[in-house]
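# A look at the structure
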Amino acid sequence: MDAFWIILTGSLVAVSCAILGSFLILRKMSMVGDAISHSVLPGIVIAFFIAGSMQSIWMLVGAGILGILTTFLIEFFHQKGRLQTDASIGVTFTWLFALGVILVTYYAGNAHIDQDCILHGEIAYVPIDLIYDSNGNAIGPKAVIILSFVLGLILLFVVLFYKELFITTFDASFAKVVGISTNKWHYALMGLVSLTTVASFESVGAILVVALLIAPAAAAYLITNQLKVMLLLSSAFGILSAFFGYWLSYLVDGSIAGAMVTVAGIIFAICYFIVRFKK
Amino acid sequence: METLIEFFTFQYPNIKYVVFGTILLSISSAVVGCFTFIKKKSLVGDVISHAVLPGICLSFLATGSKDPFFLIIGAFISGWLSILVMDAIIQNTKIKEDAATGLSLSVFFGVGILLMTYIQHSGNASQSGLDTFLFGKAAALVGKDLLAFSIIAVIVLLTVLLFYKEFKLISFDPQFAKVIGLPIRRLEMILTSITVLAVVTGIQAVGVVLMAAMLITPAAAARFWTNRLSRMILLSSAFGAFSGISGAFISYSAPSMPTGPWMVMILSVIALVSFFFAPGKGILIRQWRRFSIRRQLLEENLLKTFYRIGENSGEHFNTVAIDDLQLVRNFSPAQLTKGLRKLLVNGYVSRNNNSWFLTNEGFEKGKRITRLHRLWELYLTKYLRIAPDHVHEDADTIEHVITPELEARLEKLLEYPTSDPHHSEIPK
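Now for a quick tour of the structure. Note that the coordinates shown come from a computational prediction; the quantities given were computed from them, not determined experimentally. (Residues numbered from 1 in each chain as written. Chains lettered and ligands numbered in written order. Predicted model: local features only at pLDDT ≥ 70, side-chain atom pairs only at ≥ 80, totals over all residues. Heavy atoms only, no water.)

## A word on the pairing of strand β2 (residues 349-352) of chain B
Residues and elements named next belong to chain B. Two strands pair when backbone bridges link them, and β2 and strand β3 (residues 355-358) are joined in this way by four bridges, in the antiparallel orientation. Directly across from S350, in β3, lies its bridge partner F357. Counted between consecutive antiparallel strands, the loop separating β2 from β3 contains two residues, among which N353 sits at a positive phi close to 50°. (Pairing = 2+ DSSP bridges. Helix = DSSP H or I, 4+ residues; strand = E, 2+ residues; numbered from the N terminus.)

This is the structure we're talking about:
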């Protein structure tokens, strides 16, 4: 049963990431996703001290705000200060991450967060942390419920606004002509990326979220030119990574999240070589 | 104050190690960072710092020892490999730089985490302490680390000194460097190697994530103060060194505080101050310049409109109602109130209840703008053969920037004309 919950959690993270990651790659925003996954840290810490507990809703709010702030700062330094994008990303996320680490150490002892868990969370604990209904029966692991909610939100967002996302992704100037604000969708997407990061960091950690954002989507991007196929394919790659990652970690007795990323990397490598040799 | 004296007189040898260690690290990464910044590849530092992890684990597995030199060799190899993988993906597929960067960074790191947890779970007693590579241990540097850091810092700085001209060329203008026959591939290799070296050592002080800042942030801050590479390098090393000392001091006076994150914090504050307040390139001065140009345009357009109205009625100093201004040119109400108030303060117009009239200075200025506008229209039609009904927009833009010298040349070229293409008079 534990294996089932862990693979399910991994798959939920992987599918959420794969869908958002596909859009990030097409918009050439992957590194902004990377930046967000680090810079949500101070948001989480501050939310923790406002709410006084690791209540998920506050953490989601805190992380969401920080994610949007990060996106804004990167754009601001780039446009108003004429700082090149790579440096703007690098300065912004390291600054916020350093702030987060300082806050964590300052309140050390109070918080159940430490750097370890941020960098590579522990998915193996997922089945232990259960949510109970009013009769005291276990409904399921907390992480699974939160992640299902986040995935549902992402699916709803993509299905409802597919057209807007499609147009702003592929043809920003056309979007402008027909009156769709590229900016608004940009920020909405980044808000979702921060939600996903924070919902998954307890189980897979910030940096591994980045891997799941990029690797499955990049592998799918190599194979297809169609957005819908890419979304499906990258989700499938994500689930495969979760499934085989679990067994790989079982084999070598190592971190499950690390193993999932390793498998995602292997899937990308296979796609890379297939595409190379077909040419 | 006492702590400050205690700190700077190095009463404990440990402080000396920490201070000199962090300064050496900060300077070598700040110097290398300037080149990656100019090549617009700042995030390469982030990739390398994540990618060294599998190398460290593998070299530990292979040798079974934690000797920093073995670990650094492993880290060096996997750092290099990550750059090669990234470049291969960019060159051979349609995947762009951003995704290739993130992919290489996160997959290498994931593999590293898998290996590290494998080592931890395998029950090897000597493994503890490998994870200092993840989070850094600046406050716990010892003599042996300092020796390793100094050797590497000297290698990095000497290489930059030796190949300064070449690195400068391949960073700014690789095409030109190729044309004049520089061995670009070999130079790139050397530059990447010292970048990897700087990262591999720096990581031990500040950790994987914050290493990127040690490369990027001082260079980005220095860029706002100067256009010369040599000065940029000096400045960013100074920023780096300062952050090293203050980071060490903060964690000395408040031992629970981590050195690495504070170093990055101080660097970031320097960078933020530079972004906003640097003379010439800072955000504030840029915004101010934009603002004052917009104000100048508004003022001159208003005066021009006054002049035009006076021209139509034949009487330049009559009062003009706000509605009349808006009939000639479309100003927003906010622009009108702001612009007219500014003109009043500067003495270009005077006020009579709700109507306005030009002063002598205002009249002269309005006349000059109108004159420049019409001269330019004439020039466009006469010399560039643009239809008279297409020249107005362009003249509207350029009338604000024509200097008196250019005005004189235009006048001479057009043989002291008296009327523009629309048969309006060009005022003297």
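## Overview of the interface of chain B and chain A
Facing 55 residues of chain B, the contacting portion of chain A comprises 59 residues. In this assembly, chain B packs against chain A so that about 5000 Å² is buried in total across both faces, 75% of it on carbon and sulfur atoms. Inspection of the chain B/chain A interface yields zero salt bridges. Every element with two or more residues in the side of chain B that touches chain A is listed here: α3 (44-63), α4 (68-92), α5 (97-121), α6 (132-135), α11 (208-223), α13 (259-277) and α14 (283-313) of chain B. No other element matches the 16 residues that α5 of chain B contributes to the side of chain B that touches chain A. Broken down by class, the residue content of the side of chain B that touches chain A amounts to 33 nonpolar, 14 polar and eight charged. (Contact = heavy atoms within 4.5 Å. Buried area = accessible area lost by both parts, 1.4 Å probe. Salt bridge = Lys/Arg side-chain N within 4 Å of Asp/Glu carboxyl O. Nonpolar A, V, L, I, M, F, W, Y, C, P; charged D, E, K, R; others polar.)

## Observations regarding the side chain of E377 of chain B
Residues and elements named next belong to chain B. For E377, the location among the structural elements is in helix α17 (residues 360-383). Buried and unpaired, E377 has no salt bridge, with R374 as the nearest side chain of opposite charge at 5.8 Å. Apart from the residues lying within four places of it in its own chain, the contact partners of E377 are V391, H392, A395, D420, P421 and H422. (Buried < 20%, exposed > 50% of the residue type's maximum accessible area, 1.4 Å probe, protein only. Lys, Arg positive; Asp, Glu negative; His and termini not counted.)

## A few points about α17 of chain B
In this model, α17 of chain B (24 residues) spans 34 Å end to end at C-alpha, consistent with the 34 Å of a helix rising 1.5 Å per residue. Immediately beyond the C-terminal end of α17 of chain B, within one or two residues, lies R385 of chain B, with a positive phi of roughly 55°. (Expected span 1.5 Å × (residues − 1).)

## Some remarks on a nonpolar patch on the surface
Residue and element names in this part refer to chain A. Together, I46, I50, I57, W58, V61 and I65 make up an exposed nonpolar region whose accessible area comes to about 600 Å². Of all elements in the fold, only α2 (30-51) and α3 (56-79) reach the threshold of two or more residues within the nonpolar patch. Here the element with the most residues in the nonpolar patch is α3; it accounts for four residues. Looking at where I65 falls in the secondary structure, it is placed in helix α3. (Patch = residues over 30% accessible without salt bridge, like charges linked within 9 Å, V, L, I, M, F, W, Y side chains within 5 Å. Areas by Shrake-Rupley, 256 points an atom, 1.4 Å probe, with all protein chains shown as cover.)

## Focus: the pattern of salt bridges
All names here are of chain B. In total, this model carries ten salt bridges over all chains according to the counting rule given. Here K39 makes a salt bridge to E188, at a shortest N to O gap of 2.8 Å. Taken together, the residues span a long stretch of sequence, with K39 in the loop between α2 (13-38) and α3 and E188 in helix α10 (residues 184-206) at a distance of 149 residues. The exposure class of K39 is partly exposed, given its relative accessible area of 22%. In this structure, D420 and R374 form a salt bridge, with 3.9 Å as the shortest nitrogen-oxygen distance. With D420 in the segment after α19 (404-413) and R374 in helix α17, this residue pair connects regions lying 46 residues apart in the sequence. Of the residues examined, D420 reaches a relative accessible area of 4% and is grouped as buried. Judged by its relative accessible area of 5%, R374 is buried. Here the salt bridges do not stand alone but share partners, grouping K304, R329, D396 and E399 into one network.

Limitation: the analysis is restricted to geometry and does not speak to function.
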